[in-house]
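# Examination of the molecular architecture
Chain residues, written in single-letter form:
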Amino acid sequence: MLYSRSGKLLVATGIVNWFLEKRVCTREKGAGLLFFHHISTYQCTPLSCVHTYKIYGLKVFSDFKFKGIERLGRKKESKKNADIEILNEDSGRLHTQKRSEKIKGYFPNLLEFVIYDGSKVYIDSTSGADEDEIATAILGDIMAILLRQRGLYVLHACCLSINGRAFSLVGDSGAGKSTTAYFLARNAWNLLSDDITAIDMKPGGLHVIPGPPRVKLKPEVGTQFVNDFEGKKKVHQRSEKRYVYLERSNEPSVLNKIYVLKRGKKRALRI
């Protein structure tokens, strides 16, 4: 969960109950999509970033390392070309910025963050915090806020495509979104995203922007169906889930349908 500095839980109106527990945003009606208030432009003197990535089609300069995410080369590049900067900053500077419009919050015992205008993120991590858990927070909830600030609509969902049409899977945590996505991807479907689905409203439809080509699987699934599952990288130290990477195309697809996954009393698949 994400909290404001005062300790107040920040919640959202969403298509599934998971939104009510996990996402940061203001309350606005939006047909199950995740909405945030507009954030004004913030100017700053950037720090020295050491990693460059391509995430959701955007060039990201980061002080933090994201293992398994597509790198854009190791040579130094001008940060003027960056779409997003993720900067390591101490808490003193985080709370002395004189800006009225911003989104900030924290993950207890992990990190504090401030986000400006969908382009800059300041992170102050707790001493000794697991770097993989920090990366999970940045690429999860914090990335969802960034994408929304950039004008995209965001769902907590897996998304796959076939024949140019995209299908999104939503549901409560543990409903089987990633597991279903994994098996579909093994059978000619193209994985577009796991956990966060970014949608760009364009003429001709809702275009899904591909995210990282990986799913997070639990041991009860992975040990049965994934080769060398125990050798895969854990999401972070406190998680039993592991990343499984999949081959896929990076072309955006038009969203065709949204399916809501629910657990039943019997083991059966019904549509």
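### Regarding the sheet that holds strand E6 (residues 120-125)
Strand pairing within a sheet occurs via backbone hydrogen bonds; the two strands may be parallel or antiparallel. Strand order across the open sheet formed by six strands is E1-E2-E3-E6-E5-E4, with mixed pairing between neighbours. Whereas interior strands pair on both sides, the edge strands pair on one side only; in this sheet they are strand E1 (51-55) and strand E4 (103-107). Direction aside, neighbouring strands of the sheet carry axes that sit 20° apart on average. Alignment of E1 against strand E2 (residues 58-62), held across five bridges, turns out to be antiparallel. When the sheet's bridge partners are listed, Ile-55 is paired in E2 with Leu-58. Across the sheet, helix H3 (residues 131-149) touches E1, E2, strand E3 (84-88), E4, strand E5 (111-116) and E6, and the angle it forms with E5 is around 20°.

### Some points on the nonpolar core
Membership of the largest hydrophobic core comes to 34 residues, with the highest contact counts inside it found for Phe-66 and Ile-142. If you tally residues by element for this core, the top one is H3, at 11 residues. Not counting residues within four places of it along the chain, the set of residues in contact with Ile-142 comprises Phe-107, Leu-111, Phe-113, Ile-115, Val-121, Ile-123 and Ala-137. Leu-160, Leu-169, Ala-175 and Tyr-182 belong to the second largest nonpolar core, which has 16 residues in total.

### Thoughts on the sheet that holds strand E15 (residues 253-261)
Taken together, seven strands build an open sheet; the order of strands is E7-E11-E12-E15-E9-E8-E10 and the sheet is mixed. Single-partner strands in this sheet number two, and they are strand E7 (153-156) and strand E10 (190-193). Sheet twist, expressed as the average angle between the axes of neighbouring strands with direction ignored, equals 40°. Bridging between E7 and strand E11 (residues 196-202) involves four bridges; their strand directions are antiparallel. Residue pairing across strands places Leu-155 opposite Thr-197, the latter belonging to E11. H3 contacts E7 and E11 of the sheet and is inclined by roughly 10° relative to E11. In the packing of helix H4 (residues 177-185) onto the sheet, the strands contacted are E7, strand E8 (158-162), strand E9 (165-171), E10 and E15, and the crossing angle to E8 comes to about 20°.

Rules of the game
Residues numbered from 1 in each chain as written. Predicted model: local features only at pLDDT ≥ 70, side-chain atom pairs only at ≥ 80, totals over all residues. Heavy atoms only, no water. Pairing = 2+ DSSP bridges. Helix = DSSP H or I, 4+ residues; strand = E, 2+ residues; numbered from the N terminus. Axes fitted to C-alpha atoms, helices over the stretch in contact; angles between N-to-C directions. Contact = heavy atoms within 4.5 Å. Core = buried A, V, L, I, M, F, W, Y, C linked by side-chain atoms within 4.5 Å. Buried < 20%, exposed > 50% of the residue type's maximum accessible area, 1.4 Å probe, protein only.

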